[in-house]
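Each chain, letter by letter, is given below.
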Amino acid sequence: CGEAPFTSVACPEVVGGTGVTSGAVTSTKCSFANEPHTPYYWDPDCTNGQLGCLADGIHPECRFCAQRPFESIACPEGVGPNVTQCYFKEGFEPKIEYF
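Residues numbered from 1 in each chain as written. Predicted model: local features only at pLDDT ≥ 70, side-chain atom pairs only at ≥ 80, totals over all residues. Heavy atoms only, no water.

**With respect to unusual backbone geometry**
- The omega angle of the peptide bond from R68 to P69 is 5°, so this bond is cis rather than trans.
- Unusually for a residue other than glycine, L54 sits at a positive phi of about 65°.
- Accessibility expressed as a relative area gives 35% for L54, which makes it partly exposed.
- Even without a glycine there, the phi angle at A66 is positive, about 70°. (Buried < 20%, exposed > 50% of the residue type's maximum accessible area, 1.4 Å probe, protein only.)

As C-alpha cells, this is what we get:
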C-alpha cells in the first residue's frame, strides 16, 4: 500500500505490528511470526538482495548474522552467539567433558 504500483491501495493504520505514517510503514525492529534460532539485528544500511537482509520477510533492514550461511556478517555486540562458550541445542549437550 502507499507506494508504486500500489498507490491506489489504502494503507491500514497498522501493518505487521508497526505504525504507518504518510502511506509508508515505519519500523526499527524485526517482526517474526516465529522467533528464529539464527541471530538477527536491525541494519539500516541493509537492502533487498544483500546477504541476510529481509530476514523477517517484511523489513529489508532486518538482517541475519553469524550463523551459516550468514557467518560472514558480524553481529553487533550482544546479538550473536557467545564465542567464548560451546553451544548445544537443548537436550544435545554431550555427557562427556568437552572444551
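Here the narrative resumes, following the displayed structure.
**Focus: the confidence of the model for the protein chain**
- Predicted confidence across the protein chain gives a mean pLDDT of 80, with 77% of residues reaching 70 or more.
- Summarising per-element confidence for the protein chain, the mean pLDDT is lowest in strand β2 (residues 18-21) (41) and highest in strand β5 (residues 62-64) (96).
- Counting interchain partners and residues more than four positions distant, the pLDDT-below-50 stretch residues 14-23 has 20 contacts. (pLDDT = per-residue confidence, 0-100. Helix = DSSP H or I, 4+ residues; strand = E, 2+ residues; numbered from the N terminus. Contact = heavy atoms within 4.5 Å.)

**Observations regarding the environment of G80**
- Along the chain, the position of G80 falls in the segment after β5.
- G80 sits in the partly exposed class, given a relative accessible area of 31%.
- When the C-alpha atoms of G80 and A66 are compared, they prove to be 6.3 Å apart, with 14 residues separating the residues in sequence.
- Excluding residues within four positions of it along the chain, G80 makes contact with P39 and C75.

**Thoughts on the state of the cysteines**
- Scanning all chains against the criterion turns up three disulfides.
- For C30, the disulfide goes to C62, at an S-S distance of 2.1 Å. Here the S-S torsion is close to 115°, and the disulfide linking C30 with C62 is therefore right-handed. One end of the pair, C30, is in the loop between β3 (24-25) and β4 (40-42); the other, C62, is in strand β5, and 32 residues separate them in sequence.
- On the accessibility criterion, C30 (15% relative accessible area) is buried. (Disulfide = S-S within 2.5 Å.)

**Let's talk about the pattern of salt bridges**
- Tallying each qualifying case throughout the model produces one salt bridge.
- Residue D43 pairs with R63 through a salt bridge whose shortest N-O separation is 2.9 Å. Taken as a pair, D43 in the loop between β4 and β5 and R63 in strand β5 lie far apart in primary sequence, 20 residues in all. Each member of the pair, D43 together with R63, is buried. (Salt bridge = Lys/Arg side-chain N within 4 Å of Asp/Glu carboxyl O.)

**Digging into a nonpolar patch on the surface**
- Where nonpolar side chains cluster on the molecular surface, the patch consists of F88, F92 and Y98 and spans about 320 Å² of accessible area.
- By the secondary structure assignment, F88 is in the segment after β5. (Patch = residues over 30% accessible without salt bridge, like charges linked within 9 Å, V, L, I, M, F, W, Y side chains within 5 Å. Areas by Shrake-Rupley, 256 points an atom, 1.4 Å probe, with all protein chains shown as cover.)

**Quick word on the nonpolar core**
- Counting residues in each nonpolar core, the largest one holds eight residues, listed as C30, Y41, A55, C62, F64, C65, F70 and I73.
- Filtering out sequence-adjacent residues up to four positions away, Y41 remains in contact with C30, E61, C62, R63, C65, I73, A74, C75, P76 and V79. (Core = buried A, V, L, I, M, F, W, Y, C linked by side-chain atoms within 4.5 Å.)

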